[in-house]
Amino acid sequence: MSEESFQEYGKEEALALLYEGTSFEKTENPSFEPAAGNTILSSSKLFIEGIDFDLTYFPLKHLGYKCVSAMAGEIYASMAHSRLLSVRLGLSAKLDFSHVRELWSGMVVAAKEHGFQSIDLDLVPSPNGLTVSVSATGEKAKLTKGRTMKARSKDLVCVSGSLGAAYLGQQVLEREKKAFEKTADDSSQPDLEKYKMLIGSYLKPEVPSAVVSQLEDSGIYPSHGYLVSHGLSDALKRLSRDSGLGVKVYADKIPFEGNSFALGKEMDIDPISAAMNGGDDFKLLFTIPILSAEKFRREFQTFEIIGHLALPEVGAVLVTPDGVELPVTAQGWNNG
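Note that the coordinates shown come from a computational prediction; the quantities given were computed from them, not determined experimentally.

K.L.:
What should I look at first to understand the sheet that holds strand β2 (residues 81–91) in this one?
P.N.:
Adjacent strands of a sheet form backbone hydrogen bonds with each other and so pair up, either parallel or antiparallel. Strands sit in the order β1-β4-β2-β3 across an open sheet of four strands; the sheet is mixed. Strand pairing shows two members of the sheet lacking a second neighbour, β1 (39–48) and β3 (118–125), which therefore form its edges. When the angles between neighbouring strand axes are averaged without regard to direction, this sheet yields 15°. As paired elements, β1 and strand β4 (residues 130–140) share ten bridges and run antiparallel to each other. Paired with I40 across the strands is E139, a residue of β4.

K.L.:
Got a minute to help me understand the packing of helix α2 (residues 60–77) against helix α3 (residues 97–113) in this structure?
P.N.:
The packing of two helices is summarised by the inter-axis angle and the distance between the axes. Closest axis-to-axis distance for the α2/α3 pair is 7 Å, and the angle between their directions is 40°. Judged by the inter-axis angle, α2 sits oblique to α3. Crossing angle aside, the handedness with which α2 passes α3 is right-handed. Here L60, K61, L63, G64, Y65, C67, V68 and S69 of α2 come into contact with α3, specifically with H99, E102, L103, S105, G106, M107, V109, A110, A111 and E113. Its residues assigned to classes, the contact of α2 with α3 comprises ten nonpolar, five polar and three charged.

Reading the values: rules and limits
Residues numbered from 1 in each chain as written. Predicted model: local features only at pLDDT ≥ 70, side-chain atom pairs only at ≥ 80, totals over all residues. Heavy atoms only, no water. Pairing = 2+ DSSP bridges. Helix = DSSP H or I, 4+ residues; strand = E, 2+ residues; numbered from the N terminus. Axes fitted to C-alpha atoms, helices over the stretch in contact; angles between N-to-C directions. Parallel < 35°, antiparallel > 145°, perpendicular 65-115°, else oblique. Left-handed = near helix turned anticlockwise from the far one by under 90°. Contact = heavy atoms within 4.5 Å. Nonpolar A, V, L, I, M, F, W, Y, C, P; charged D, E, K, R; others polar.

So this is what it looks like as structure tokens:
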């Protein structure tokens, strides 16, 4: 593909070209009318180059897909349906229109996959690198809100997939980046085939787009939901705080990608620590009423049951295979 430059276009023309062929339309003030009694929810996040991603090894299309998927996950965690998406891209001089087009193409793919009705996009200058600001708005059904029961001790704690994989995948990419910087040999490409599932978990996390509809259709209403984006420990501390209950998670129930322990041994990283304190897994964590346990197990086999709520005095604990209860601590987490 030939390089496209911002010098060829003004801002408005560039935006028009990005929307071209996407099925989305550029609108000044996107909005929607929620059904009677439904609740509007929103969530936003800022992704900063050098902190949240490294363009040395992060394909722009994957980055766009990941940013939108993350925001869809936040909406799903609240048992809401995706409606509106707002994107602001802070662009430095090193990024040209062809780069923005690639990033945007990943966003469009994810927006369609997750059922967003419209995307609002703006381009603004940035002094350093790339900054991606994404805000998502969702709609929660009145029926869902009315049927959601208060969390109780023994309710199940469930996650939608493997944990710690994204952190381990990122560590592989960082290791290979450092190796390349030492040699600067473009002709020598690392063999990453055996780590592709772990790397894929970091670069292009999959968030189940139909989960809210499936839960509604099944008549299963989680009492709490979270997107695991800063490690399982962070989500468990938030769950304990929000529910006013204790929570027990069992180390031998936490799901891992197949190569996690082999890579952990190779890089001297404990996969359980990666699951508890790593980031960017973007898996959904729900607490399911104990009375819905059998139905949930039968109809949601991609989820893993990793623990349960407990009495408040238990706190948040990780139970080892030999029964020792270790208090959960989350890096950077506090009661504030």
